[in-house]
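If you want the building blocks of each chain, they are given just below.
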Amino acid sequence: MLRRRLSLDNATRSKDLTGKTYIVTGANSGVGLETTRQLVKQGGHVVMACRRTDAGEEAARSFRGLEGTYEVERLDLADLDSVRDFVSRFKANHDRLDGLACNAGLVTMASRPEFTRDGLEMTIAVSYFGHFLLTELLLDALRASAPSRMAIVSSVTHAGSPNNRPDVNLDDLNYEHRDFNNFAAYSEAKVANVLYARELAERLEGTDVSAFSVHPGWARSNFGSGGSLPMRIAMAVMRPFSRFVSDSNEQSAQTTLHCLLSDDAPNHPGAYFSQSSVLYRDRKCRGGGWPMDTPNPNAKNIETARKLVDMSYGIVGLARPNGPR
Ligand SMILES: NC(=O)c1ccc[n+]([C@@H]2O[C@H](COP(=O)([O-])OP(=O)(O)OC[C@H]3O[C@@H](n4cnc5c(N)ncnc54)[C@H](OP(=O)(O)O)[C@@H]3O)[C@@H](O)[C@H]2O)c1
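Criteria and cut-off values
- Residues numbered from 1 in each chain as written.
- Predicted model: local features only at pLDDT ≥ 70, side-chain atom pairs only at ≥ 80, totals over all residues.
- Heavy atoms only, no water.
- Helix = DSSP H or I, 4+ residues; strand = E, 2+ residues; numbered from the N terminus.
- Rg over C-alpha atoms; globule rule 2.2 N^0.38 Å.
- Buried < 20%, exposed > 50% of the residue type's maximum accessible area, 1.4 Å probe, protein only.
- Contact = heavy atoms within 4.5 Å.
- Areas by Shrake-Rupley, 256 points an atom, 1.4 Å probe, with all protein chains shown as cover.
- Lys, Arg positive; Asp, Glu negative; His and termini not counted.
- Charge placed at Lys NZ, Arg CZ, Asp CG, Glu CD.
- Near = heavy atom within 4 Å.
- Polar contact = N/O pair within 3.5 Å; in protein donor to acceptor, adjacent residues only side chain to side chain.
- Pairing = 2+ DSSP bridges.
- Axes fitted to C-alpha atoms, helices over the stretch in contact; angles between N-to-C directions.
- Expected span 1.5 Å × (residues − 1).
- Arc of directions from axis to C-beta.
- Core = buried A, V, L, I, M, F, W, Y, C linked by side-chain atoms within 4.5 Å.
- Salt bridge = Lys/Arg side-chain N within 4 Å of Asp/Glu carboxyl O.
- Phe/Tyr/Trp six-rings, centres within 6.5 Å; stacked < 30°, edge-to-face > 60°.

**Q** Give a detailed account of the overall build of the chain, specifying residues and quantitative values.
**A** Of the regular secondary structure elements, the chain holds nine helices and eight strands. Relative to the 2.2 N^0.38 estimate, which gives 20 Å for 325 residues, the radius of gyration of the chain is 18 Å and therefore close to what a compact globule would have. A principal-axis box enclosing the C-alpha atoms of the chain has dimensions of 50 × 45 × 40 Å. Across the 325 residues of the chain, 55% fall into the buried class. Sequence-distant contacts in the chain: of pairs separated by 6 or more residues, those separated by 24 or more amount to 76%. When the accessible surface of the chain is split by element, carbon and sulfur atoms take 49% of a total near 14600 Å². Across the chain, 39 positive and 38 negative side-chain charges occur, with their mean positions spaced 6 Å apart.

**Q** I'd like a description of the site of the ligand, backed by residues and values.
**A** Around the ligand sit 28 residues, and of these Ser29, Arg51, Asn103, Tyr186 and Ser221 come closest. Contact between the ligand and Asn222: an oxygen atom at 3.0 Å from a main-chain N or O atom of the residue. Calculation on the ligand without its partners gives an accessible area of 890 Å², and the protein chains cover 93% of this total. Of all the secondary-structure elements, those providing two or more residues to the shell around the ligand are helix 2 (30–41) and helix 6 (182–203).

**Q** Go over the sheet that holds strand 4 (residues 99–102), please, and point to the residues and values.
**A** Spatially, the eight strands line up as an open sheet ordered 3-2-1-4-5-6-7-8, and their pairing is mixed. Looking along the sheet, the strands with just one partner apiece sit at the ends: strand 3 (69–74) and strand 8 (289–292). The mean angle between the axes of side-by-side strands here comes to 20°, regardless of whether they run parallel or antiparallel. The sheet contact formed by strand 5 (residues 148–153) and strand 6 (residues 209–215) spans six bridges and is parallel. When the sheet's bridge partners are listed, Arg149 is paired in strand 6 with Ser210.

**Q** Lay out helix 4 (residues 80–93) in plain terms, naming residues and giving numbers.
**A** The terminal C-alpha atoms of helix 4 lie 20 Å apart, and with 14 residues this matches the ideal 20 Å at 1.5 Å per residue to within 8%. Along helix 4, the residues that are buried comprise Leu80, Ser82, Val83, Phe86, Val87 and Phe90. Down the axis, helix 4 shows its buried residues gathered within 155° of arc, on one side only. Close packing links the buried residues of helix 4 with strand 1 (21–25), strand 2 (45–50), strand 3, helix 5 (122–144) and helix 9 (302–316). One side-chain oxygen of the residue at the start of helix 4 lies 3.0 Å from the amide nitrogen of Asp81, identifying that residue as Asp79.

**Q** Describe the nonpolar core, with residues and values.
**A** Grouped burial of nonpolar side chains is what soluble globular proteins tend to show. Core analysis: the largest hydrophobic core is formed by 56 residues, its most contacted members being Ile23, Tyr128 and Met150. Here this core gets 13 residues from one element, more than from any other, and that element is helix 5. Look past the residues within four positions of Tyr128 in its chain and what remains in contact with it is Ala189, Ala192, Asn193, Tyr196, Leu308, Val309 and Ser312. In this structure, Leu6, Val31, Phe212 and Leu260 belong to the second largest nonpolar core, which totals 31 residues.

**Q** Run through the pattern of salt bridges, naming residues and quoting values.
**A** Taken as a whole, this structure holds 18 salt bridges when the rule is applied. Notably, a salt bridge pairs Arg203 with Glu199, separated by 2.7 Å at the nearest N-O pair. Of the two residues, Arg203 and Glu199 both sit in helix 6, four residues apart, roughly one turn of that helix. Members of the salt-bridge network, linked through shared partners, are Glu136, Glu199 and Arg203.

**Q** I'd like a rundown of the packing of aromatic side chains, residues and numbers included.
**A** Throughout the structure, instances matching the rule amount to nine aromatic pairs. When the ring of Tyr175 is compared with that of Phe180, the centres are 5.1 Å apart and the planes differ by 80°; the resulting orientation is edge-to-face. Taken as a pair, Tyr175 and Phe180 share a single burial class, namely buried. Pairwise contacts between aromatic rings join Tyr128, Phe129, Phe132, Tyr196 and Tyr313 into one cluster.

**Q** So what about the pairing of strand 5? Which residues, and what values?
**A** Burial within strand 5 is extensive, with six of its six residues counted as buried. Side chains Ser148, Met150 and Ile152 of strand 5 all project onto a buried face; the interleaved residues Arg149, Ala151 and Val153 project onto the opposite face, where all are buried too. Summarising the sheet, strand 4 and strand 5 pair through four bridges and their orientation is parallel. If you follow Ala101 over to strand 5, its bridge partner there is Ala151.

Shown next, in the form of structure tokens:
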């Protein structure tokens, strides 16, 4: 039986986004590129936040003739100074921010942890800490433009399996005192993404700024393409077969776009939204949902989410905002 993919409804895909400004990280490739394309198609202005600006400019050539506008700005999420520079440039040039898609991510193919120049393990640095700093520095702009939204791209891997639910290891977020496994590190970073959206929703209650986490689907993107030669060959061989169960990048952008644009998403603050996906180990989750109840209780634990966020301020060198949550 053919799998039913979740797609934007007509009202959402025909909203006029003229005058609205969005930031999409990792906008040069895969899910980020197609998220950007739809926002530009609907008349929005997108700041394409790319580690490689040349790749961003090249990808954006395909937007020619679309209604909206874009610019390409350098952002390396593995470098906290680059995040601060990006935000300074953004604020100097823009007076509003209607939506932020924290989309960029990676899985390293290394058997040992790789550390960024800030001393952070690469996977969680890019997927979570870089986006944490970016988001915290942009919260004032999002608040000033409310109603506004954030879609934080997680992954099905955050859910794990009934016998193995990943969790953030608050005693050793940085893999200094335990064995490293690249896929376990990826799953853990993606749990952090889901928890962060929950904590943000709690903190932003009543502000009209909404935060959500997302599983985009099994995107036929460049994800994982930096693997070893045998792994790349295996993936190339599998590709024709995986087409039946995987998703185009456009299909994989639908869930982020739903979170950024639909009238319904803000009714579910902090929730997890998922494209349908054969990759869930829990069969009941495979149909996805907008929103969907994650089967991983660790990703719903608000106490863990608060602790993670409190620790993250120190790790990225930000003062924790005053006042109660
Ligand atoms: N593909 C899937 O099936 C799948 C499933 C679940 C979740 N996801 C998530 O979906 C998101 C998008 O991935 P994708 O599938 O579209 O993969 P992709 O085609 O590889 O795109 C990933 C994007 O992240 C960017 N990026 C990597 N490191 C960065 C850094 N240090 N600073 C800034 N940007 C950086 C990449 O830039 P470069 O081009 O310069 O490397 C690229 O633009 C990721 O968060 C991924 O974890 C994907």
